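Residue strings, one per chain:
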Amino acid sequence: MNPHRTLATARRVLLQLRSDPRTVAMLLLVPCLLIVLLKYAFDGRPEVFDSLGAPLLGIFPMIVMFLVTAVATLRERTTGTLERLLTMPLGRMDLLLGYALAFGLVALVQGVLAFGLTVGVLGLSVTGPSWALLAVAVADGLLGMALGLFVSAFAATEFQAVQFMPAFLLPQLLLCGLFTPRDTMADWLHAISDVLPLSYAVDAMNRITSQSGFSGALAVDLAVVLGCTLLALALGAATLRRRTA
Amino acid sequence: MVNSTPAVDVRGLRVTRGGRPVLDGIDLVVERGSVTGLLGPSGCGKTTLLRSVVGVQRIEAGEVRVLGLPAGAPALRDRVGYVTQAPSVYADLSVLANLRYFAEVLGAPKADPERVLEEVGLREHAKDLVGQLSGGQRARVSLAAALLGAPELLVLDEPTVGLDPVLRQELWQLFHRLAAGGATLIVSSHVMDEAARCTALLLMREGRLLAHDTPQALLDATGAADIEAAFLALVAGEGAR
Ligand SMILES: Nc1ncnc2c1ncn2[C@@H]1O[C@H](COP(=O)(O)OP(=O)(O)OP(=O)(O)O)[C@@H](O)[C@H]1O
Ligand SMILES: [Mg+2]
């Protein structure tokens, strides 16, 4: 691992993003727009926004980051630049961390915007500290990014990469406790949901919604989300092969 | 010790791709300072052989040594430049931004991007987005990236395809300048008339090496008037055996 090459890679990815302002705008604004929709779709039942606002503040950025990183890294593979880079003195982790830094920065900006809108403009009120919403939202964006990097290793085309969203994220969305509390699920589904990272992301947001203070349980949830992010990055590096058939 | 070893030393190389044998026992030695042309019909395995030399091809059997080390060894990664057959550069970055990034990855000198741009004749396009260049210009950006850091071995997969005669002439002059400076070049092509510009030729067919000699020796041995005829004579000779 080499910090110089990692930073060079991050800068290059950001430069690429800069030449695509439409993608940047969608990255930053789509989660905000969805939250506005949520707020006014439940205009007559404000308690829905208060209970779902926090979890969705984490989930929307995660989905958006997942898609954009999966496609970006896949593009690196299909255009042959990955093959070139792998003949160069660039560590596999340098490449992945470079991507992680660049998209992590995007996730941070995205999280700040969505957080400012949700709490500042739309007036979401939570029992816990509202800064914790920001921390978890950014962690969720990072998780989406890392999962996107990981699954892109298994996609041969951009069509496949996009299909990983319904195949990989939507089941997690169904099981994460957003639609029904996880302890009311069939036991085997509950057990499955216990090992899915999104469950911890939503648990964390629910704790902030209903519990005061920054509890130990909240810290554990946040640590699980960040741990899964690192795990996905490590797995992504392991699936990146210099020699291919 | 280093300079006595050949640039590339391949023994009994066998590669299977998609369940089919693509390289079927290749043995060859490429001397340092040579400009070796790799010629053969489409699908004969040129790209696969070059991928094996740069160490990105999974091989089934045999040994590939480059500059005295196993192909793909970490110590080779800033000593071997590779141009893939399809230009492998970022379409959404400027020419200069592409070269700056690759230069940083290679740890090449700061002035290298400008130098290689000059060498491939793209200086006035430095600020252009690669996606807005013509196909031939894009191929030259890809070539320029491989020249960064002045590698000892350059592996070029059809670097002159789609270029006009003047430009091709200029690039071949560049290749010989690089060789005169001590670099070794392996250049694949399926344009036989480029063969005469090489100091050594590898003729391939269906995953096997038909011949490895200087252009003149190949003409003498086959009595053919040009390399294309020599190639056909070699194929016919093989069939007769
Ligand atoms: N990714 C791949 N998976 C499976 N088979 C492949 C793959 N790439 C190439 N092949 C097969 O390997 C053989 C050799 O391909 P290769 O690309 O080395 O040929 P080539 O001599 O470079 O051809 P060309 O002059 O058209 O570039 C071909 O028969 C091709 O079908
Ligand atoms: Mg080829």
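Every chain's residues receive numbers from 1 upward, in the order its sequence appears when written. Both sets of labels track the order of writing: A upward for chains, 1 upward for ligands. Per-residue local features of the predicted model are confined to residues with pLDDT of at least 70, and side-chain atom pairs are confined, for both listing and counting, to 80 or more; whole-chain, interface and lining totals are unaffected and use all residues. The side-chain figures draw on all heavy atoms in the structure; neither hydrogens nor water molecules are used.

- By the naming in an unreviewed UniProt entry, chain B is ABC-2 type transport system ATP-binding protein, taken from Streptacidiphilus jiangxiensis.

- Within an unreviewed UniProt entry, the label attached to chain A reads Transport permease protein, and the organism entered is Streptacidiphilus jiangxiensis.
- Under the UniProt heading Sequence similarities (unreviewed entry), the note attached to chain A is "Belongs to the ABC-2 integral membrane protein family." UniProt positions are given in the numbering used here, feature names are shortened, and annotations may be inferred rather than shown by experiment.

**Examining a nonpolar patch on the surface**
All names here are of chain A.
- Nonpolar side chains (Val, Leu, Ile, Met, Phe, Trp, Tyr) are joined into patches within 5 Å and like charges within 9 Å, using only residues with over 30% relative accessible area and no salt bridge. Only the protein chains shown count as cover for residues, and the accessible areas themselves come from Shrake-Rupley with a 1.4 Å probe. By definition, a salt bridge exists where a carboxyl oxygen of Asp or Glu is found within 4 Å of a side-chain nitrogen of Lys or Arg. Taken together, Leu14, Leu29, Leu105, Leu108, Val109, Val112 and Leu113 make up a surface patch of nonpolar side chains, about 550 Å² in accessible area.
- In this text, helices come from DSSP runs of H or I with a minimum length of four residues, and strands from runs of E with a minimum of two, each type numbered from the N-terminal end. Take the nonpolar patch: its biggest share by element is five residues, from helix α5 (residues 92-121).
- Checked against the element boundaries, Val112 lands in helix α5.

**Let's talk about the sheet that holds strand β2 (residues 20-30) of chain B**
Residues and elements named next belong to chain B.
- Two strands form a pair only when DSSP identifies at least two bridges running between them. Pairing is antiparallel in the open sheet, where four strands are placed in the order β2-β1-β4-β5. In this open sheet, the two edge strands, each paired with only one partner strand, are β2 and β5 (69-70).
- Relative to β5, strand β4 (residues 61-66) runs antiparallel, the two sharing two bridges. Each bridged residue has a counterpart across the sheet, and for Val66 the counterpart in β5 is Leu69.
- It only takes one pair of heavy atoms within 4.5 Å for two residues to be counted as in contact. Think of each axis as a best-fit line through the C-alpha atoms, taken over the contacting stretch in the case of a helix, with angles from 0 to 180 degrees between the N-to-C directions. Across the sheet, helix α1 (residues 46-54) touches β1 (8-17), β2 and β4, and the angle it forms with β1 is around 120°.

**Focus: the confidence of the model for chain B**
- Per-residue confidence from the predictor is reported as pLDDT, a score between 0 and 100. The predicted model of chain B has a mean per-residue pLDDT of 92, with 98% of residues at 70 or higher.
- Confidence metrics for the complex model read pTM 0.90 and ipTM 0.89.

**Some remarks on the nonpolar core**
- Of all hydrophobic cores here, the largest spans 133 residues; its most connected members are A:Ile59, A:Phe103, A:Leu133, B:Tyr101, B:Phe102, B:Phe175 and B:Leu185.
- Beyond its immediate stretch of four places on either side in the chain, B:Leu185 contacts B:Ser34, B:Val35, B:Thr36, B:Leu154, B:Leu156, B:Phe175, B:Leu178 and B:Ala179.
- To form a nonpolar core, buried Ala, Val, Leu, Ile, Met, Phe, Trp, Tyr and Cys residues must be joined to one another through side-chain atoms within 4.5 Å. Buried means the residue's accessible area, taken with a 1.4 Å probe over protein chains only, is under 20% of the maximum for its type, while exposed means over 50%, and partly exposed covers the values in between. With 30 residues, the next largest nonpolar core counts B:Ala7, B:Val8, B:Val54 and B:Leu76 among its residues.

**Some points on the pattern of salt bridges**
- According to the stated counting rule, one finds 18 salt bridges over all chains in the structure shown.
- What you see here is one network of salt bridges that share partners, running through A:Arg182, A:Asp194 and A:Asp203.

**A look at the packing of helix α2 (residues 21-41) of chain A against helix α3 (residues 46-78) of chain A**
Residue and element names in this part refer to chain A.
- It is at 9 Å that the axes of α2 and α3 come closest, and there the two elements cross at 160°. One way to sum up the angle between α2 and α3 is to call them roughly antiparallel. As for the relative orientation of α2 and α3, their crossing is right-handed in sense. For the pair α2 and α3, the contacting residues are Thr23, Leu27, Val30, Pro31, Leu34, Ile35, Leu38 and Lys39 in the first and Phe49, Leu52, Gly53, Leu56, Leu57, Phe60, Pro61, Val64, Met65 and Val68 in the second.
- Of the residues contributing to the contact of α2 with α3, the split by class is 15 nonpolar, two polar and one charged. Oblique is the label for any angle not under 35 degrees, not over 145, and not in the 65 to 115 range, which are roughly parallel, roughly antiparallel and roughly perpendicular in turn. Crossing handedness is read from the near helix: turned anticlockwise from the far helix by less than a right angle, it gives a left-handed crossing, and turned clockwise, a right-handed one. Note on residue classes: Ala, Val, Leu, Ile, Met, Phe, Trp, Tyr, Cys and Pro are nonpolar, Asp, Glu, Lys and Arg are charged, and everything else, Gly too, is polar.

**Points about the UniProt feature "transmembrane region" (unreviewed entry) in chain A**
- What UniProt calls "transmembrane region" (unreviewed entry) maps, in this numbering, to residues 21-42, 54-74, 95-119, 131-154, 161-180 and 214-240 of chain A.
- Taken end to end, residues 95-119 of chain A is 100% helix and 0% strand, and its first and last C-alpha atoms sit 35 Å apart.

**Considerations on the site of ligand 1**
Residues and elements named next belong to chain B.
- Nearness of a residue to a molecule or strand requires only that one of the residue's heavy atoms be within 4 Å of it. Around ligand 1 there are 15 residues in total, and Ser42, Gly43, Lys46, Thr47 and Thr48 lie nearest to it.
- Between Arg17 and ligand 1, the recorded distance is 3.4 Å, taken from a side-chain N or O atom to a nitrogen atom.
- A 3.5 Å cut-off defines polar contacts: any pair of N or O atoms within that distance qualifies, except that in protein one atom must be a possible hydrogen donor and the other a possible acceptor, and neighbouring residues in sequence count only when both atoms are side-chain atoms. Between an oxygen atom of ligand 1 and a main-chain N or O atom of Gly45, the distance comes to 3.0 Å.
- Taken by itself ligand 1 offers 640 Å² of open surface, and the protein chains cover 67% of this.
- Broken down by element, the shell around ligand 1 gets its largest block of residues, three residues, from α1.
- Here the residues of the shell around ligand 1 are counted per class, giving three nonpolar, eight polar and four charged.

**Details of the coordination of the magnesium ion (ligand 2)**
All names here are of chain B.
- Each metal site lists N, O and S donors within 2.8 Å (3.2 Å for Na, K and Ca). With water left out of the atoms, a site can look as if it is missing ligands. Binding of the magnesium ion (ligand 2) to the protein goes through Thr47 (OG1) and Gln85 (OE1), at separations of 1.9 to 2.1 Å. Of this pair, Thr47 sits in helix α1 while Gln85 is found in the loop between β6 (80-83) and α2 (95-106), placing the two residues 38 residues apart along the sequence.
- For Gln85, a relative accessible area of 40% gives the class partly exposed.

**Some points on unusual backbone geometry**
All names here are of chain B.
- Although it is not a glycine, Leu67 sits at a positive phi angle of roughly 50°.
- A relative accessible area of 4% means that Leu67 is categorised as buried.
- Phi at Glu158 is positive, roughly 50°, even though this residue is not glycine.
- Relative to the helices and strands, Glu158 is located in the loop between β7 (153-157) and α5 (165-180).

**Regarding the interface of chain A and chain B**
- Taken together, the contact pairs 27 residues of chain A with 28 residues of chain B.
- Buried area counts how much accessible surface, traced with a 1.4 Å probe, disappears from two parts once they are put together, with both parts' losses summed. Each partner contributes to the roughly 2,700 Å² buried at the junction of chain A and chain B, and carbon and sulfur atoms together form 51% of this total.
- Taken as a group, A:Arg84, A:Thr87 and A:Arg243 account for 27% of the area that chain A buries against chain B, more than any other trio of residues on that side.
- There are three salt bridges connecting chain A and chain B.
- A salt bridge links A:Arg75 to B:Asp92, with the shortest nitrogen-to-oxygen separation between them at 3.5 Å.
- Per-element tally for the side of chain A that touches chain B: the top contributor is helix α1 (residues 3-18) of chain A, with eight residues.
- Within the side of chain A that touches chain B, the residues separate by chemical class into nine nonpolar, nine polar and nine charged.

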